[in-house]
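# Commentary on secondary and tertiary structure
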Amino acid sequence: MASQKSIPKKLSFISIYFLGINGVIGSGTFLLPSVIYRYMNLSAVVVLLCTAVTVSLIALCYADMSSRFTGSGAAWLYSYHAFGRFTGYELGIFTWFLGCCTLSAEIVALLTTLKSFLPIFKNPVAYGIGAVGLILLFTLINFYGRSIVKVVNNVSAAAKILTLIIFIVVGVFFIHKANFTPIIPQVALKEPMPFFHHFGEAFTPIFYLFTGFSFLPIAAQQMNNPEKNIPRVLIAVMVSVTILDALMMAVAVGLAGTKLGGYSTPLANALGTAIGKWGYSIIIFGMLVSIFGVAFSASFNTPSLIASLDGMLPKFVGKKNRHDAPWVGIVLTSVLSALFSTQSYLFLVSCTVLASFIQYVPTILAVVKFEHTNQYPTHGFKLPGKYLIPGLALLVSCYMVTNFTSKTLLLGTVIAVLAAVAYFFIKGDRKYEEKHEKWLKELQAEGQKLK
């Protein structure tokens, strides 16, 4: 009886949903509207909706794959089964490395925002102590497993959604119709090429507003019925975020007009201009909660990813404590993230951009392969259109390559090469293959029961 009580409860549907919301709505939601507006003015709302549809195609591929597998790891797990051990290993190491960058980027964004209220963080020593302090806080929370994780995650996600709703509901009463012009920049209407340039420049930051969904299936084993709940949550998260972002963008334009493009904190400045300092303070508070939520989500998902690689890395990497928390993965993630926190926000963001591309392409190709071979049947979710959605998603992902700088591509190459060299020196658990085969048979048997 005692052993049954000691088993940690797994994350429910609503907790998984809030985890997804936290992973998607981050600093970009509050900082990027000014960039988006500068390129497309009011038409940015239409571009946002178009981008949401294209990202949703990739999210549907993840929903398809998460319905086929119940194990943790997401993109690396899918690639492992589709293209072999080395491909899975490379993608796993690469995604974990960049997951640490995501955590560090949000911590840097959080401290940068705090500087406007607490000048002490302008001091490099205080800044460093703040970064380390935040990482230690996340480490302690994650050490105690899912019970605390669920509370912190649910509260931060709910506060984040509430802040956006307040901005939309209050802001709509202060909209000026005159601010809805111009609809599109005049320079973008002269010829097709300038238009496509402006569209692409707006598409890129909007695209990255949605990319956090890819980390949701990483901790699948810590969730209830992941093969059914994750696909549903992915769809629910994408729909929710699309509606909130579209309304947010429209209200922001209505409040600020052409001034929106010049704001450093566009939503806070827009509402502050309309109703005063208290409106500015509410959005800044929501922004801090939002960034904290994304950082927390990354601190929860990233250790689970490296722990899921225990069969291809030394066995101790996958060790868990009595709260079922991957404590070795948490420590490794915390150390690397602390080092990355010394880097600039823009550099860390560029790393997370590359991570998205690295995850998307193999996952989409895995969908195509399994759709053709039916090697791993879906459980509870079936991707419509056979090869149509994966094909379109692949085109969108390949378009991302045109947005990478040579420095970012060089960094990706260096990481891949170093991981490949390490692969031939690290001896994984020799029993992994036997354990893996046993797990596959259990999964296939489960799939037969669900048919």
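Residues numbered from 1 in each chain as written. Predicted model: local features only at pLDDT ≥ 70, side-chain atom pairs only at ≥ 80, totals over all residues. Heavy atoms only, no water.

On to the overall build of the protein. Across its full length, the protein carries 18 helices and zero strands. For the protein, the proportion of its 451 residues judged to be buried stands at 56%. Long-range contacts, defined as pairs at least 24 residues apart, comprise 84% of the intrachain contacts of the protein with a sequence gap of at least 6. Accessible surface computed for the protein: about 19400 Å², of which carbon and sulfur atoms make up 69%. (Helix = DSSP H or I, 4+ residues; strand = E, 2+ residues; numbered from the N terminus. Buried < 20%, exposed > 50% of the residue type's maximum accessible area, 1.4 Å probe, protein only. Contact = heavy atoms within 4.5 Å. Areas by Shrake-Rupley, 256 points an atom, 1.4 Å probe, with all protein chains shown as cover.)

Estimated volume of the largest pocket: approximately 1200 Å³. With eight residues, helix α15 (residues 345-373) is the largest single contributor of residues to the lining of the largest pocket. Within the lining of the largest pocket, the residues separate by chemical class into 20 nonpolar, 21 polar and three charged. (1 Å grid on protein atoms, 1.4 Å probe; cavity = no way out; pocket = protein on both sides within 12 Å on 5 of 7 lines; lining within 4 Å. Points joined across faces, edges and corners; volume = space filled by probe spheres on them. Nonpolar A, V, L, I, M, F, W, Y, C, P; charged D, E, K, R; others polar.)

Enumeration according to the criterion identifies five aromatic pairs in this entry. Centroid distance Tyr-62 to Tyr-360: 6.2 Å. Interplanar angle 85°. Geometry classified as edge-to-face. A residue pair is termed long-range when its members are at least 10 positions apart, and Tyr-62 in helix α5 (residues 44-68) and Tyr-360 in helix α15 qualify at 298 residues. This pair shows no difference in class: Tyr-62 is buried, exactly as Tyr-360 is. Taken together, a centroid distance of 6.1 Å and an interplanar angle of 50° make the contact between Phe-138 and Phe-296 tilted. Note that Phe-138 is positioned in helix α8 (residues 124-143) and Phe-296 in helix α13 (residues 277-307), a separation of 158 residues in sequence. Residues Phe-138 and Phe-296 agree in their burial class; the two are buried. (Phe/Tyr/Trp six-rings, centres within 6.5 Å; stacked < 30°, edge-to-face > 60°.)

Glancing now at α13. When the terminal C-alpha atoms of α13 are compared, their 46 Å separation across 31 residues agrees well with the 45 Å that a helix rising 1.5 Å per residue should span. The buried count for α13 comes to 24 of 31 residues, which makes it a mostly enclosed element. (Expected span 1.5 Å × (residues − 1).)

As a further point, take unusual backbone geometry. In this structure, Pro-182 follows Thr-181 across a cis peptide bond, with omega equal to 0°. Within the secondary structure, Pro-182 is located in the loop between α9 (146-171) and α10 (192-207). Here the phi dihedral of Asn-41 falls at roughly 50°; this positive angle occurs in a residue that is not glycine. By relative accessible area, which is 7% here, Asn-41 ends up buried.

Before going further, it helps to spend a moment on the confidence of the model for the protein. Per-residue confidence for the protein averages 79 on the pLDDT scale, and 85% of its residues sit at or above 70. This model gives residues 1-6 a pLDDT under 50, and the stretch forms zero contacts once residues within four places in sequence are excluded. Predicted confidence is poor over residues 446-451, with pLDDT under 50, and the contacts of this stretch with residues over four places away or in other chains come to six contacts. (pLDDT = per-residue confidence, 0-100.)

Further remarks concern the packing of helix α7 (residues 85-114) against α15. Close contact between α7 and α15 brings their axes to 8 Å; oriented N to C, the two are set at 145°. The two elements α7 and α15 cross, and the hand of that crossing is left-handed. On α15, the residues that touch Leu-91, Phe-94, Thr-95, Leu-98, Cys-101, Thr-102, Ser-104, Ala-105, Val-108 and Ala-109 of α7 are Tyr-345, Leu-348, Val-349, Cys-351, Thr-352, Leu-354, Ala-355, Ile-358, Gln-359 and Pro-362. Residues of the contact of α7 with α15, tallied by class, amount to 15 nonpolar, five polar and no charged. (Axes fitted to C-alpha atoms, helices over the stretch in contact; angles between N-to-C directions. Left-handed = near helix turned anticlockwise from the far one by under 90°.)

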